Amino acid sequence: MNRTLSTATLSAPVGARMFLALLNNIRHGHLELITPCNTRMVFGDAHAPTGATLQLHDWRACQRILRAGDIGFAEAYAAGWIATPDLTALLRLALRNEASLDQLVFGGVLARCWYRLRHWLRPNTRKGSQRNIHAHYDIGNDFYQLWLDPSWTYSSALFDGDYSLSLQDAQQRKYQRIIDTLQLKPGQRVLEIGCGWGGFAEQAAQQGIHVHGVTISPSQLEVAQRRVQAQGLQDRVRLELCDYRDLRGEYDAVVSIEMFEAVGEQYWPQYFHTVAARLKAGGQALVQSITIGEQYFPRYRSSADFIQQYIFPGGMLPSVERFERQAARCGLHPLARHAFGRDYAETLRRWDARCRNVHQQIAGQGFDEHFLRIWQMYFAYCEAAFDEGRTDVVQFLLQKA
């Protein structure tokens, strides 16, 4: 069955009929939809190679998606109102048809305004940053240990096309590229803004480099300090709870790995001024950040998406152009950049697989099915965006003027 509504679906709620009618606008690939009454429908070109399946268990999902777009979809998925054998494929199909499925992707005007207001009310002030970080990173080291690799790294790995590498090896390759790009030498002092669980600090210190790492997550600091002590690296690594805005002193280099996304656009100038102020004259910084395509930035900036609402409150991605322009205004000259978004998609696939393999252990820690579904959505949502080129991850090399 294809685009026409069947007799069975004509008895569906008004919102559901509107939802099904909008699916007729699919122009790229095809969608097989299974209704709550087990009617099968195909939207788009059934012969197109790109396809996905959506199972509706509850008609309420349609109204939720119409109202709130990707946020509504995530809520419906978390509630068990919808299912799919391949969540990433479904999200990729939505991205490819974004122009013709505007309301299904972005939701209605009132909901967009409401979620944008909620996002705006969670700014990354000193206290706000602590709340926002706590909402994600301090949910428990035991949880993250179940599925992160042994380096405890929660940022994109670097495979360079070699997907036979283990996740841990690819993470260490990422750290080594940072060390090599900055040409760090034994005895040099490096400031790491957002040190996480200590992966970079450990690898750099093992090569004689002195690292001062800061975080505002007590849970992360606990693990990072324990790792440093276990390796006997206390003479080369100093880790502490500290907001980047409170830092003092000068360093040979600055490293910041996927912390910039949590800064917030309002605070971008303060972040870059801090990096410049902490560098010695002529010193270099390497900042790894997720980016969004410049063509998508204006709409992204004026709304709020699923990630900002449920995963990283207060978060904001830059475009490459805006990142480098703001850095230059603050005295940091962009020297080079290295993009590896496909590797982030692979990293996410591995994290998702690891999470699914330890589903029972996660549940045993007290996390319910709703939580697990939200994280499945998070991994798939980001994987689709990286695979489709909507987002990227970039290592920016900057030099103090």
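Residues numbered from 1 in each chain as written. Predicted model: local features only at pLDDT ≥ 70, side-chain atom pairs only at ≥ 80, totals over all residues. Heavy atoms only, no water.

Enquirer: Just to check I follow, could you spell out the pattern of salt bridges for this structure?
Expert: Pairs can form between side chains of opposite charge whenever their charged atoms are close. One pass over the full model with this rule turns up 24 salt bridges. Residue R96 pairs with E388 through a salt bridge whose shortest N-O separation is 3.0 Å. With R96 in helix α4 (residues 87–96) and E388 in the loop between α18 (369–387) and β11 (391–400), this pair connects stretches of sequence that are 292 residues apart. For E388, a relative accessible area of 26% gives the class partly exposed. Among the ionic pairs, E346 bridges to R350, the shortest N-O distance being 2.9 Å. Residue E346 and its partner R350 are located together in helix α16 (residues 341–357), separated by four residues, close to a single helical turn. On the accessibility criterion, R350 (17% relative accessible area) is buried. Each of R92, R96, R342, E346, R349, R350, E383, D387 and E388 takes part in salt bridges that share partners, so that together they form one network. (Salt bridge = Lys/Arg side-chain N within 4 Å of Asp/Glu carboxyl O. Helix = DSSP H or I, 4+ residues; strand = E, 2+ residues; numbered from the N terminus. Buried < 20%, exposed > 50% of the residue type's maximum accessible area, 1.4 Å probe, protein only.)

Enquirer: Looking at this structure, how should I read the packing of aromatic side chains?
Expert: Given two aromatic rings, their pairing is described by the distance between the two centres and the angle made by the two planes. For the structure on display, the rule yields 38 aromatic pairs. Their ring planes at 50 degrees and their centres at 5.2 Å tell us that Y154 and W351 sit as a pair that is tilted. You can see Y154 sitting in the loop between α8 (141–147) and α9 (167–181) and its partner W351 sitting in helix α16, a full 197 residues away along the chain. Owing to a relative accessible area of 1%, W351 belongs among the buried residues under this scheme. Summarising the aromatic geometry, the rings of Y378 and F379 are spaced 5.1 Å apart at their centres and angled 25 degrees between planes, so their arrangement reads as stacked. Here Y378 and F379 have matching classes, each one buried. (Phe/Tyr/Trp six-rings, centres within 6.5 Å; stacked < 30°, edge-to-face > 60°.)

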